[in-house]
Amino acid sequence: MSRFTSMLQSCSCLRQGYQIHTQIIVHGMSDHNDMGSRILGMYVRCKSFSDAKNVFFRIDLGYTSPWNWMIRGFTTMGFYNNALLFYFKMLGCGISPDKYTFPYVVKACSNLNSLSLGRLIHESVVSTGFEMDVFVGSSLIKLYAENGAILDAHELFEKLPVKDSVLWNVMINGYVKNGDLKRAMEVFMQMRYTEIMPNYVTFVCVLSICASEMGRVLHGLAISCGVDSESPVANTLLAMYSKSGCLYEARKIFDMTPRTDLVTWNGMVAGYVQNGSLVEACDLFREMLSAGVKPDSITFSSFLPSVSDLVDLKQGKEIHGYIVRHGVVMDAFLKTALIDIYFKCREIEMACNVFNQTKTVDAVIYTAMISGFVLHGMYSDALRTFQRLLHAQMRPTSVTLASVLPALSGLASLRLGKELHGYILKYGHEGGGYVGSSLTDMYAKCGRLDLANSVFHRMPVRDVVAWNSMISSCSQNGKPEEAITLFRDMGLKGENYNCATISAALSACSNLPALHYGKEIHGFMMKGSFRTDLFAESALVDMYSKCGDLKLARRVFDLMEWKNEVSWNSIIAAYGTHGRVKEAQLLYQAMLEKGFQPDHITFLAMISACSHAGLIDEGINYFRSMTENYEIRARMEHYACMVDLLGRAGRLDEALNIITSMTFEADAGIWGALLGASRNQGNVEIAEVASKHLFKLDPQNSGYYILMANVHADAGQWASALKVRELMKERGVKKLPGCSWIEINGISHMFVAAYKNHPESAEIYLMLKNLLLDMKKEGYAPQPYLSEHPQIANV
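Residues numbered from 1 in each chain as written. Predicted model: local features only at pLDDT ≥ 70, side-chain atom pairs only at ≥ 80, totals over all residues. Heavy atoms only, no water.

(A) Inspection of the overall build of the chain at higher detail. When you go through the chain residue by residue, the secondary structure sums to 45 helices and two strands. Against the globule reference of 28 Å for 795 residues, the chain gives a C-alpha radius of gyration of 35 Å, more extended than a compact globule. Every one of the 795 residues in the chain was classed for burial, and the buried ones make up 47%. Carbon and sulfur atoms make up 54% of the accessible area of the chain, which amounts to about 40000 Å² in all. (Helix = DSSP H or I, 4+ residues; strand = E, 2+ residues; numbered from the N terminus. Rg over C-alpha atoms; globule rule 2.2 N^0.38 Å. Buried < 20%, exposed > 50% of the residue type's maximum accessible area, 1.4 Å probe, protein only. Areas by Shrake-Rupley, 256 points an atom, 1.4 Å probe, with all protein chains shown as cover.)

(B) Here's a closer look at the side chain of His376. Looking at the secondary structure, you find His376 in the loop between α23 (363-375) and α24 (379-391). Among residues more than four places away in sequence, those in contact with His376 are Phe343, Arg346, Ile348 and Arg635. (Contact = heavy atoms within 4.5 Å.)

(C) Focus on unusual backbone geometry. Although it is not a glycine, Asn113 sits at a positive phi angle of roughly 55°. Residue position: Asn113 is located in the loop between α7 (102-111) and α8 (115-128). Under the relative-accessibility criterion, Asn113 is labelled exposed at 57%. Positive phi outside glycine occurs at Arg346, with the angle close to 65°. When you line up the elements, Arg346 lands in the loop between α21 (332-344) and α22 (348-356).

(D) View of the packing of helix α30 (residues 480-492) against helix α31 (residues 499-511). Following both chains from N to C, one finds α30 and α31 inclined at 150°, their axes separated by 8 Å at the closest point. Classified by the interaxial angle, the pair formed by α30 and α31 is roughly antiparallel. As α30 packs across α31, the resulting crossing turns out to be left-handed. Across the interface between the two elements, Pro480, Ala483, Ile484, Phe487 and Met490 from α30 touch Thr501, Ile502, Ala505, Ala508, Cys509 and Asn511 from α31. (Axes fitted to C-alpha atoms, helices over the stretch in contact; angles between N-to-C directions. Parallel < 35°, antiparallel > 145°, perpendicular 65-115°, else oblique. Left-handed = near helix turned anticlockwise from the far one by under 90°.)

(E) Region of interest: the packing of aromatic side chains. Inspection of every chain in the model, using the stated rule, returns 25 aromatic pairs. Three or more aromatic residues joined by ring pairs form one cluster here, namely Trp67, Phe74, Phe79 and Phe86. Residue placement shows Arg462 over the ring face of Phe456; its charged tip is 4.9 Å from the ring centre. Its guanidinium or amino end placed over the ring of Phe557, Lys563 lies 5.0 Å from that ring's centre, counting from NZ or CZ. (Phe/Tyr/Trp six-rings, centres within 6.5 Å; stacked < 30°, edge-to-face > 60°. Lys NZ or Arg CZ within 6 Å of the ring centre and 35° of its normal.)

(F) Representation of the environment of Thr257. Tracing the backbone through its elements, the reader meets Thr257 in the loop between α16 (247-256) and α17 (262-274). The spacing of Thr257 and Met240 is 17 residues in sequence and 15 Å in space, taken between C-alpha atoms. Apart from the residues lying within four places of it in its own chain, the contact partners of Thr257 are Ala234 and Thr264.

(G) Structural context of the pattern of salt bridges. Throughout the structure, instances matching the rule amount to 20 salt bridges. Residues Glu287 and Arg251 are paired through a salt bridge, measuring 3.9 Å at the closest nitrogen-oxygen approach. With Glu287 in helix α18 (residues 278-290) and Arg251 in helix α16, the pair connects residues that are 36 residues apart, well separated along the chain. A relative accessible area of 32% places Glu287 in the partly exposed class. By relative accessible area, which is 22% here, Arg251 ends up partly exposed. One network of salt bridges, with partners in common, ties together Arg251, Asp255 and Glu287. (Salt bridge = Lys/Arg side-chain N within 4 Å of Asp/Glu carboxyl O.)

(H) Quick look at helix α6 (residues 80-92). Under the 1.5 Å per step criterion, the end-to-end length of α6 is 18 Å for 13 residues, consistent within 8% with the ideal 18 Å. Along α6, the positions that sit buried rather than exposed are Ala83, Leu84, Phe86, Tyr87 and Met90. Taken down its axis, α6 places every buried residue within 160° of arc, on the same side. Turned more than 90 degrees off the buried face of α6, the exposed positions are Asn81 and Gly92. Contacts from the buried residues of α6 go to α4 (49-56), α5 (64-76), α7 and α8. With its phi angle positive at about 80°, Gly94 sits one or two positions after the end of α6. (Expected span 1.5 Å × (residues − 1). Arc of directions from axis to C-beta.)

(I) Region of the structure containing a nonpolar patch on the surface. On the surface, a nonpolar cluster with roughly 440 Å² of combined accessible area is contributed by Met189, Tyr193, Met214 and Val217. Inspection of the secondary structure assignment puts Met214 in helix α14 (residues 212-224). Look at Met214 and you get partly exposed, because its relative accessible area is 33%. (Patch = residues over 30% accessible without salt bridge, like charges linked within 9 Å, V, L, I, M, F, W, Y side chains within 5 Å.)

(J) Spotlight on the state of the cysteines. Inspection of every chain in the model, using the stated rule, returns zero disulfides. Cys282 carries a free sulfur, and the closest cysteine sulfur to it, the one in Cys345, is 12 Å from it. Accessibility expressed as a relative area gives 6% for Cys282, which makes it buried. (Disulfide = S-S within 2.5 Å.)

Purely geometric numbers; function is a separate question.
Right, dumping it as C-alpha cells:
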C-alpha cells in the first residue's frame, strides 16, 4: 500500500495515473478510505475533473480530505464559485474544515473580489483556531491586501507569531498594490532586521517601486543575497533603470543576462521606446529577430509606439503582416497599438478595419478608437464610438472619459458635456487628474470659463496637466492676465513647469500682448532645461510673432538645434500673419525639402496667409493639396478659412456651396465668417442665410446681431435693421464692449470701447479726433452709427 501511495503522490501524468489506479483496483485496495482520497488527489493534480468527480462520489465523504481536494482543484482551475459551493456543502454535511481547507477557500474569495464573504470565512478560521497558522494567515492577509483592506491585513500580520518570507512578501506586495509605497519600503526594512532573508520575489516587488538611487542600493543587496542573476530580478532591475532613464545600466544588465528569456528582450525594447531612443529600439528589435527569438504580443505592444512616433507606415504594415503570418496572439494591448499607429500615420480606414475585425472589444480598444478620431478632428465619429461602448454595457475608464471630452469640446456641445459631467460625478471619476483637466478644457472651449474654473478649484490634487489646462483655457478665452497669474501661482506652489506650461504661458503673452512677459519667460527657458525643448521654442516663435517682433521670431527659429513639424508651422504662420506670404511659401517648400510632412495646422496657416493676401486660387490649391495629395480631412477651421478666403474675393456663392457640402454641421465660426464677408460685399440675401444659423447656434452673441443690423443699415433697409435690434432686445442680448491692449515701455495698457478710465484718456481722445480730421481731409467718409438713426435711437 505504501508503494502505491508513493506512486500516486509523485504522479503528474494522467496516462500513468490510469495505470496506477488500475493496479490499485486489481490489488483490491480501491475501497480503502485513505487510498480513495489519494486517487482523487492524483486526478486533481492531473487536472482531470471528470475522473476526480467520479472518484469523489464513490468514496467515503465523512472526513475532510476528499472535500479539500475538490475545493483545491476548483480553485486551481479558476472555478471559484464551485470551490465555495463545495465548501458550504461540506459544512452542510457536518464536516469541519481544517488548515488545508481555508487557504484555497480564502483564495477563491479573493479572486472573486468578495471581501464580505472573506470576512465571514475569517470568522470561521478564528472559531476553529487556525488564524495563527502561517499558510491560513498568509491567504487572509493576501485577501485583505488585494481588496483594499490593507489595515486589516496589517493587523493580522502583526498578530502572527511566525512570519516566513512568503508572509513578508505578501505584506510588501499588498502595500504596493494599495499605492502606499512608503509603507511598503518600511515593511521591507523591518524584514531586514529579522532573520528572514529576502528572496527573488521580495526584490521583484520592492525594485518595481524604486527610482535609480534607491534601486542601486537594492541592486547591491540583491547581489549580496545571490539573487541578482535570477531572471525575474534581472528583468525588474532592467525595468527600474529604464524607468529612471538610466539606459546605460539597463543595457549593461541586458548584455549580462542570458537572452533566452523573452521578458528580458521585451523589457529592453520597452526601455528604449519609453526614453525616446527609437532608433535603438528598432535596431534591438531587428537583433531580436536575427537571434531567432520569436516576439510575442507584449514585444509588439512595446515596440509599435516607436513606429507610431516615427510615423513609419511602411514598417507598421510590415509588422502587422508578420503578426498575421506568425499567428501572434492579438490581445487588447496589441490591437490598441496597431490602431494607434494607423491613426497616427493617417490610415484611418486601416485603423477601423483592425477595430471591426476584433471579435472581443474592451474599453481599452474603444478608447484607442475615440482618441484616434479626436486626433483627426472626427468628433462625431468619436462620440458615436463612445455611445457604442455604453450600448455594449461597458464601463468607460477615466482614460476613456478624458479621451471623449475633447470631442465634445470640438463640437462645442455644452449640453452633452454637462450630461457626461453628470455621468463622471455619478461614478466618481472627477477626482482623476486627466478627467478633471479634460472637463476644464471642455467647459472653457464651450465658452463657460466660470464652470471650468469651478472644476479646477474642486480638484483634490492638481497636477501639471490640470494647471496647464486652466492656463490655456484662460488664455484662449480672453483672460490672458489671469493665465499669467495662474502661471505665477503654479510656480509659487512648487509645481514643476513642463514644455506645455511654458507654451501656454507664452500663448497668454501673445494674446495680451505682453512682450516683456514673454522675454522674461524666454530668460527662464534659457536658464533651465527648456532651452532646447522643441515645443517650448516653437511657442516662443509664435509669441514673438504675435507680439509684432518677426525678426526675433525668425532668430529663435534659426537658432533651434532641432526642428519638427510644430517648429515649421510656427514660423510659417508667423510670416503669414505678418502679410509676408512669399516668405511663408518659401518656408513651406523648405519644410518639404527637409523631409517634414505638412499637417492640418501647416495648411491652415498657408490658406490663412493666402486669404489675407488675396491669393484666392493659391489658397484653393493648398486646400485641394491637403485633402487630395496628403489625404488630410478638412476640419471646421479649414472650412472657416476657405469661407473667409472666398468671401474676401466676393465669391460668396462658392463660399455658401462649400458650407452646404461639408460632411458635418457648420459651427458659428463658419457662419460668422460668411456673415462678415456678406457685409463687406453688401450681399443682404446671403447675410440673411448666415444670420438665421447664427441666431440658433449662438443666440447670446451680440456681435452677430450688430453685424446683421449693419448689413441692413448699409443697404438702407432701416426697418430690417430695427427688427434685428428688437430681436436682440427681446432675447436679452447685451452688447459687450470691445477691448484691446497695447504695450508701451514694458507696460500693458488695456482700452475698452467708450471707457475713459485711463489716466491719459483726454489726450488719447484728442489725438483720435485729430486723426479723424486728417482722414476726412484725405477723402474718408465715416459711416453713421446705427444708434444715430432716428428709428433705432430708442431701441
